[in-house]
Structures are given as C-alpha cells and as structure tokens.
Amino acid sequence: MRVLITGGAGFIGSAVARRFITEGNDDILIFDNLNYAGNLDSLAAVTSSPHYRFVRGDICDMNAVSKIFGDFRPDVVLHLAADSHVDRSIDKPAAFIQTNVVGTSVMLDCSLAHFRTLSAASAARFRFIHISTDEVFGSLGQTGFFTEHTPYAPNSPYSASKAGMQAMASCIRKEVRKHNIKICNIYPGAVETDMWDIKARQQFRNRMMTPADIGDIAFDVYNKPERLMVEDLVVRPVKGDL
C-alpha cells in the first residue's frame, strides 16, 4: 500500500507519519510546503526508513498535487495540511481560506481524478481520510461534549476555514458515493462518539490527547476499513488548535 500524507512535517502530521512508518510496512510519501508549521527535524527518526519519501510542495498547487498523484499512485490519502492558530487567522484570514479551503478542494479534485484511473481492485481500497478539529463546533464551555451531530458554529477565521474544509469533503463524499470512494472525517477534540469502541473511548478519557494519540487513531482507522463506513468520527479530548 502507498500512503500520501499532506502536512506530514507539521506538529500533528509528523506524529501521524512517524506512527505509520515505524509500525507499518507501507510506502509513505510526505507532502509539505515547510512553512511556519513544518519542520523536517520532526521526521528525523524515520528518514532512514526505506518506506519514507518526502516531497516539498503546496496543496494549493494543482500541477504539483497532480504530479504527486501521477508519480506516487497512492492507495490512501491522509489530509492534515492546513494553516492553524486562531490569532494568525485573525491577522491574515485570506491565507487560511486559500490554504484550508482551496487547498482541500485541490486535494479532493486530484483524488477523484486519480480514483477514476484505478483498477476495480485498487478503487475498492482507495480512501481519503481528513483530520479536522473540534473547533468547527464552536465553544464547548466547562462541561459536556460535542458529537457527530453537533452543528457547526466556528468562532474564528481559523475554525471557519476548517469547517469549510470539512464541508468540501462532505460534499464531495455525497457526490462520489456511487463510486464507493471512502471519505472519512476525524475530529480530535472535546467530543464523545458512539462510533468508536469502548476501549478506545476510555483510553483518552480525563486526559489531554497528544499528537501521538492522533497518530494512533489515524493508524487504527487506516487498518480497520470498517471505520470508514462512518462518515464523520469525533474522538476526545484535546485542547488547542489542530
């Protein structure tokens, strides 16, 4: 299997990439533009692996993304690339719309174009996993949890752009359902879910979720295709931007 990870040099993305490379036997291509959030040092532990490959590029660049799909031919896309942090989004909201909404649209467009070239066997295993954030649901307060059914209520350009990413993935999913493209959105955050097993829910209860935890969740979803039969999955708890 070949796995394309966008934003794989970032704070969360690098934890996901390290988990996939150290625990699996699949070929991993990390696609990251190494902006303020990306750092190749975070991948130092896995760069010697024969399963590791890195390409520097921007998810908003249709030509670059199309080339990655054409050259690497991924079976799975893990989409984590995004501009983050609320304060930055207030100062430069347009940049967040460009990277998060437009960039996600490019990734989905290229995924669909790639999917249409696959054999029946390859198409059956292709999937697009989008790592989102609980901030699309707004402010929680001191108690309670979000669920998969909580309405969007973003409170900043950052969370609004992440909600836009989510909306794009959901719309594309509805359009391509007849093709059986599996698109799963994962929301790490202060949330509760009935779509995750009891052991996993208890694992994260009453403590802060770490980037490594999110790597574990993504790896679990990847290795258990039945997880992808749910359209949205929220897990808890984490504070701050993702």
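That block above? That's the structure.
Numbering of residues starts from 1 in each chain and follows the order in which that chain's sequence is written. Local features in a predicted model are, by the rule used here, given only for residues with pLDDT of at least 70; side-chain atom pairs are given and counted only at 80 or more, and totals for whole chains, interfaces and linings are based on all residues. Working from all heavy atoms in the structure, the side-chain values ignore hydrogens and water.

J.: Quick rundown of the packing of aromatic side chains? Include the residues and the values.
T.: Geometry of an aromatic ring pair is reported as the spacing of the ring centres plus the angle between the planes. Classification of ring pairs rests on two measures: the distance between centres of Phe, Tyr or Trp rings, Trp counted by its six-membered ring, which must be within 6.5 Å, and the angle between planes, read as stacked under 30 degrees, edge-to-face over 60 and tilted in between. Under the defined criterion, the tally for this structure stands at 2 aromatic pairs. Measuring from ring centre to ring centre gives 6.4 Å for phenylalanine 96 and tyrosine 158, while their planes differ by 85 degrees; the resulting arrangement is edge-to-face. Linking phenylalanine 96 in helix H4 (residues 93-115) with tyrosine 158 in helix H6 (residues 157-176), this pair joins segments that are 62 residues apart in sequence. The pair phenylalanine 96 / tyrosine 158 is uniform in exposure class, with both members buried. Between phenylalanine 115 and phenylalanine 126, the ring centres sit 6.1 Å apart and the planes meet at 55 degrees, which makes this aromatic pair tilted. Pair noted here: phenylalanine 115 is in helix H4 and phenylalanine 126 is in the loop between helix H5 (120-125) and strand S5 (127-131), with a separation of 11 residues, a long-range link. Considered together, phenylalanine 115 and phenylalanine 126 belong to a single accessibility category, that of buried residues. Strands here are runs of E lasting at least two residues and helices are runs of H or I lasting at least four, both read from the DSSP assignment and numbered beginning at the N terminus. Under the scheme applied here, a residue whose accessible area is under 20% of the maximum for its type counts as buried, over 50% as exposed, and between as partly exposed, the area being computed with a 1.4 Å probe on protein chains only.

J.: I'd like a description of helix H1 (residues 11-23), backed by residues and values.
T.: Between its first and last C-alpha, H1 extends 19 Å over 13 residues, near the 18 Å set by a 1.5 Å rise per residue. Within H1, the full set of buried residues consists of Ile12, Gly13, Ser14, Ala15, Val16, Ala17, Phe20 and Ile21. To estimate how far a helix should extend, the number of its residues minus one is multiplied by 1.5 Å.

J.: Can you tell me about the pairing of strand S2 (residues 27-32), naming the residues and giving the values?
T.: Working note: regular strand, side chains alternate between the two faces of the sheet. The buried fraction of S2 is high, at 5 of 6 residues. Bridge analysis of strand S1 (residues 2-6) against S2 gives 5 bridges, and the strand direction is parallel. Residue pairing in the sheet places arginine 2 in a bridge with aspartate 27 of S2. Looking down the strands as they point away from you, a crossover is right-handed if its path from the first strand over the helix to the second goes clockwise. Viewed along the sheet, the connection from S1 through H1 into S2 turns out right-handed. Criterion used throughout: strands pair if DSSP finds at least two bridges between them. Of the pairings in the sheet, the one linking S2 to strand S3 (residues 52-56) comprises 5 bridges and is parallel in character. For leucine 29, the partnering residue across the bridge sits in S3 and is arginine 53.

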